[in-house]
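# Summary of the model geometry
Letter by letter, the chains look like this.
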Amino acid sequence: MDRSEDLQDQRLQARREAMLDAAEQLFGTHGFDDTTLSAIVARSGGSLATLYKLFETKEGLLTQVLQRRPDQARAVIAEVRALGLPPAEMLREMLLRLRAKALTEENIRLVRAMVPQSIRDEKFSQQFRGEHLERAIAEMSEVFVEIQAKGQIPADDPEVLARMFFAMISFDIYTAVARFEMFHKRTKAQVEAEFLLFLRTIGLEEPA
């Protein structure tokens, strides 16, 4: 690849990221159905032709927006693991940071965009599950493998533990997505009580 081709590729990649950023912001603000491709191009620059070249359809654009989300969750997990905290404190910090990111209004609106598209398109649903949910679960499973290797919790299935962990977050996400918060919005005390029960369930007690 010569220099001119390399610069062209860099510009195309920069345009791709700008379009993804614009789409994520607009999907988060207005929802998927009410966001037009023209609005995305107006915010990101470029052209509709470039957008179609990169993403083909609005659904393809949504898919790639959502594919960036697992990287954010994995980054949180990696950041907290690097702190060297005791297991119980590490898990609490992961829970609080992941929950805070998941429950932003922007993320809730993106999930609202994802749900009807998942119902309409089974392939989209399977891809989202594989790219987003399963990758996050795999990353969290490694955390429990590491804790087990140190003999700090029993050698239960780490994937089951990871799914139990994420269940403490997913309940609140879908409560918010369905706008059921008016009926049930958990307090910090309730979240903490559930977390302490989770610790006892997996055989990990907090240090006195």
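Quick note: structure is the one above.
Residues numbered from 1 in each chain as written. Predicted model: local features only at pLDDT ≥ 70, side-chain atom pairs only at ≥ 80, totals over all residues. Heavy atoms only, no water.

A separate point is the overall build of the protein chain. Within the protein chain one finds ten helices and zero strands. The linear arrangement of helices and strands in the protein chain, starting from the amino end, is α-α-α-α-α-α-α-α-α-α. If you line up the protein chain on its principal axes, its C-alpha atoms span 60 × 50 × 30 Å. Looking at the protein chain as a whole, 39% of its 208 residues are labelled buried. Considering only contacts in the protein chain between residues 6 or more positions apart, those separated by 24 or more positions represent 69%. Carbon and sulfur atoms form 53% of the exposed surface of the protein chain, whose accessible area is close to 11,700 Å². Taking the average place of the 28 positive charges on the side chains of the protein chain and the average place of its 33 negative ones, the gap between the two points comes to 4 Å. (Helix = DSSP H or I, 4+ residues; strand = E, 2+ residues; numbered from the N terminus. Buried < 20%, exposed > 50% of the residue type's maximum accessible area, 1.4 Å probe, protein only. Contact = heavy atoms within 4.5 Å. Areas by Shrake-Rupley, 256 points an atom, 1.4 Å probe, with all protein chains shown as cover. Lys, Arg positive; Asp, Glu negative; His and termini not counted. Charge placed at Lys NZ, Arg CZ, Asp CG, Glu CD.)

Attention now goes to the side chain of S141. Along the chain, S141 falls in helix α8 (residues 122-149). Residue classification places S141 among the buried residues on the basis of a relative accessible area of 10%. Excluding anything up to four places from it in sequence, S141 contacts P158, E159 and A162.

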